[in-house]
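# Summary of the model geometry
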Amino acid sequence: MSVTQYEIIDGVGVIRLNNPPVNALSHALRDGICKAIKKAQKDDSKAIVIICEGRTFIAGADITEFGKPPKAPSLPDMLNVIESSNKIVVAAIHGTALGGGFETALACHYRVALDSAKVGLPEVKLGLLPGAGGTQRTPRLAGVEAALDMITSGNPVAAKKAEKMNLIDVVVEGDLELGAIAFAKSLAADKAQLKRVRDIEIPASQAGPEVFEAARKKAAKRFRGQLAPQNIIRCVEAAVGQDMDKGLATERELFVELMQGPQSSAMRHMFFAEREAAKVIGLAKDTELRDIKRVGIIGAGTMGGGIAMNFANVGIPVTMLEINQEGLDRGIAIIDKNYSITVSKGKMSEAQKAKCLSVISGTTNYEDLGDVDLVIEAVFENVDIKKEVFTKLDSVCKQGAILATNTSYQDIDAIANATKRPQDVIGLHFFSPANVMKLLEVVRGSDSADDVIATSMKLAKKIGKVPVLAGNCYGFIGNRMLRPYGREAQLCLIEGASPEQIDSVMQKWGMAMGPLAVGDLAGLDIGYKARQALSDEQKGEPKTYCIADALVEMGRLGQKSGSGYYKYDAQTRARINDPEVMKVVEEQAKAQGIERRAISDEEILERLTYAWINEGAKILEEGIAQRPSDIDVVYCFGYGFPAYRGGPMHYADHIGLDKISARISEFAKQHGDQYWAPSTLLKELAESGKTFKDWASK
């Protein structure tokens, strides 16, 4: 069946597109549109409407064609055919018109849309820019500043707002096809002009150099390290004061530059990795899911409250349990405050806030959790306390209820064995703040049932999370890899670096924050308390934690106490370097018999990032992660890893496993196998000239 059909309805030529699931701009679709437009030039139609079947207008380019030889007609060729039509062409938009789909609509002479529709140019989220006139037509219609904001953010715009921006001509109610045909007929009857956007000129006086300079500074701060937003600004700048063809030439040149560069490769990798992570290898697609209609949460602290908000946001009733009414009231108040902040930012109405709060209730009695379908424990990280909680849950929760722990590193099986139904137990590791962070590690225990795993993965998507399945080991995927990263930060510090140097290296490289600044943010006392419960053997060598312990014992707990690795301004929380910390560092180095030396930025970067990669390879060897790209998803969505580097394992492939393996061998000689025992998998892949991607596709 053809993906395009053409017929004349009431004097209007209707081009109907049907390329499920999202009407992506495949070669067949592009070719069909061109042929239909050309056919319409010669028939009795008075105007033309382009409309889509299914749930959406053209949602974008066919991403599966990326990297393949182009087939004519290209997208720009198709848009030229549409724009050059001698009969008015109207785009009828429902669902989403994104990327190449919206560029198609912009090439039409007029645009109508349902109130529920959204339009946008999200290419920046793939490290790209709109490559078929989006950077040239949008500012001609919406103005330069509105276009810059829309294209550099990549966020979709609702139809009503798009109408105010002059990107949509008419928002229609009811039947889109009838409305679009009626609008096209009226245009033809009125002999309306062929509004070719390419003919609109943007006077240089409308947007001077200061506009673009401000946009560059804003983008540099908002999208630190990313090339695409800066290239987008250059393209919009090219639209000012010159004709369309020159602007299109600039757009094409900068698009190709991004497409062939490592950043877009990494971000496209992440696009597919996120979708792949939701698939569980070996799990039957028809696995029956458990119905989750009510949720219980043990603990109404910051984490428990954040978790509760995720379910309330999608209308699932939540019962929060605390040991006393005071703790419960405090937790509910924090949730109320969080929602109020969202309302103040215009991202939620008061009515929506009230609706969310209405499905959150509290209790101090375990018996009130008897009818929940899922319960999530979010108490202090003490395995004995968690076992006690699960023993109680086992006695009060109905059969078939999923019992989940939010532990970030404890043994899932040890917790599950505190119940008589280990098959119903799973780890649901939310990241803080749980109402904001996208990642959810779904941790499979030895006995976790298939339907429990499948339900957890599906539910994660429902509450807006990106799920990644992990096996059961200390720290799972993310926190297990974080240990060697933190270890190397401590060793670089005691061996010769400063906190500022270490954090600066990682921030400049692209991390949201450096490791020591993250420690201050989280609270140095958390790690300190966790270490107190470990034996000397479990703690490891004192040089890997003695500085942190010394700071805590001085009362320097991080941001919350006003000082940690840095001092913090009481009002702004601005970070200030503190000579007192370097005194502590030097004292501890002396006590450990370490002679400090100058450490290069390159060494810091390699030690911290290669520590991740080596541990990630071990995680793959052991089957803790299903695939290398799952590790990338964990780090990009949960740990501030720059998406434009594609996650640790993709980054490793980009650097070259042979280079990394050789450097790790050098570190092993310098610092010992205790820290740098090379992964067998990494060595094998390096020696055979293969990548982690090759290994995953075998």
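First, a word on what this report is: a plain description of the structure on this page. (Residues numbered from 1 in each chain as written. Predicted model: local features only at pLDDT ≥ 70, side-chain atom pairs only at ≥ 80, totals over all residues. Heavy atoms only, no water.)

At 3.6 residues per turn, the α-helix brings residues three or four places apart onto the same side. Where helix H21 (residues 524-532) is concerned, the buried positions are Leu-524, Asp-525, Tyr-528 and Arg-531. One face of H21 carries all of its buried residues, which in axial projection span an arc of 120°. (Buried < 20%, exposed > 50% of the residue type's maximum accessible area, 1.4 Å probe, protein only. Helix = DSSP H or I, 4+ residues; strand = E, 2+ residues; numbered from the N terminus. Arc of directions from axis to C-beta.)

So, about the sheet that holds strand E5 (residues 96-98). Taken in spatial order, the three strands of this open sheet run E5-E7-E8, and their pairing is mixed. On the outer flanks of this sheet lie E5 and strand E8 (157-158), each paired with one strand and no other. Summarising the sheet, E5 and strand E7 (residues 118-120) pair through three bridges and their orientation is parallel. Its bridge partner being in E7, Thr-96 is matched across the sheet by Lys-118. (Pairing = 2+ DSSP bridges.)

End to end, helix H24 (residues 579-591) covers 19 Å across 13 residues, agreeing with the expected 18 Å (1.5 Å per residue, within 8%). The complete set of buried residues in H24 reads Val-581, Met-582, Val-584, Val-585, Gln-588 and Ala-589. Along the axis of H24, the buried positions cluster into a sector of 155°, meaning they face one direction only. The exposed set on the far side of H24, more than 90 degrees from its buried face, consists of Pro-579, Glu-587, Lys-590 and Ala-591. (Expected span 1.5 Å × (residues − 1).)

Let's shift gears to the packing of aromatic side chains. This model, assessed by the stated rule, comprises 13 aromatic pairs. When the ring of Phe-431 is compared with that of Tyr-639, the centres are 5.4 Å apart and the planes differ by 80°; the resulting orientation is edge-to-face. Of the two residues, Phe-431 sits in the loop between strand E15 (425-430) and strand E16 (439-443) while Tyr-639 sits in the loop between helix H26 (628-638) and helix H27 (648-655), which places them 208 residues apart along the sequence. Relative to Phe-641, the ring of Trp-612 has its centre 5.4 Å away and its plane inclined at 55°; by these criteria the two rings are tilted. Here the residue Trp-612 occupies a position in helix H25 (residues 601-621), and Phe-641 occupies one in the loop between H26 and H27, the gap between them amounting to 29 residues. What makes Trp-612 buried here is its relative accessible area of 1%. A relative accessible area of 3% means that Phe-641 is categorised as buried. Linked through ring pairs, Phe-431, Tyr-485, Trp-509, Trp-612, Tyr-635, Tyr-639, Phe-641 and Tyr-651 together constitute an aromatic cluster. Cation over ring: Arg-487 sits above Trp-676, and NZ or CZ is 5.6 Å from the ring centre. (Phe/Tyr/Trp six-rings, centres within 6.5 Å; stacked < 30°, edge-to-face > 60°. Lys NZ or Arg CZ within 6 Å of the ring centre and 35° of its normal.)

The next thing to look at is the pattern of salt bridges. Oppositely charged side chains are able to pair whenever their charged atoms sit close together. Throughout the structure, instances matching the rule amount to 44 salt bridges. Where Asp-373 meets Lys-398, a salt bridge forms, and the shortest distance between an N and an O atom there is 2.6 Å. Note that Asp-373 is positioned in the loop between strand E12 (360-363) and strand E13 (374-377) and Lys-398 in the loop between helix H15 (383-396) and strand E14 (402-405), a separation of 25 residues in sequence. Two residues, Glu-488 and Arg-487, come together in a salt bridge whose shortest N-O distance is 2.9 Å. We note that Glu-488, like Arg-487, is buried. By sharing partners, the salt bridges in this structure join Arg-487, Glu-488, Glu-495, Arg-597, Glu-603 and Arg-607 into a single network. (Salt bridge = Lys/Arg side-chain N within 4 Å of Asp/Glu carboxyl O.)

The next subject is the nonpolar core. Burial of nonpolar side chains together is a common tendency in soluble globular proteins. Judged by nonpolar contacts, the single largest core of 96 residues is most densely connected at Leu-393, Ile-477, Ile-502, Met-506, Tyr-565, Trp-612 and Phe-692. No other element matches H25, which puts 10 residues into this core. Not counting chain neighbours up to four residues away, the residues in contact with Tyr-565 comprise Gln-490, Leu-493, Pro-499, Leu-516, Asp-520, Leu-524, Ile-547, Ala-548, Leu-551 and Val-581. If you look at the next biggest cluster of nonpolar residues, it comprises 71 residues, including Ile-82, Val-89, Ala-142 and Val-157. (Core = buried A, V, L, I, M, F, W, Y, C linked by side-chain atoms within 4.5 Å. Contact = heavy atoms within 4.5 Å.)

Their axes nearest at 8 Å, the elements helix H4 (residues 134-142) and helix H10 (residues 244-259) cross at an angle of 135°. By the angle between their axes, H4 is oblique relative to H10. Only Met-244, Gly-247, Leu-248 and Glu-251 of H10 make contact with H4, whose side of the interface consists of Gly-134, Thr-135, Gln-136, Arg-137 and Arg-140. (Axes fitted to C-alpha atoms, helices over the stretch in contact; angles between N-to-C directions. Parallel < 35°, antiparallel > 145°, perpendicular 65-115°, else oblique.)

Attention shifts here to the pairing of strand E3 (residues 47-52). Of all six residues that make up E3, six are buried, and the element is covered over most of its length. One ladder, built from six bridges, connects strand E2 (residues 12-17) with E3; its direction is parallel. Directly across from Gly-13, in E3, lies its bridge partner Ile-48. Crossover connection from E2 via helix H1 (residues 27-40) to parallel E3: handedness right-handed. Where E3 lies against strand E4 (residues 89-93), four bridges are found, and the strand directions are parallel. In the sheet register, Val-49 faces E4, and the bridge partner there is Val-90. (Right-handed = clockwise from strand over helix to strand, strands pointing away.)

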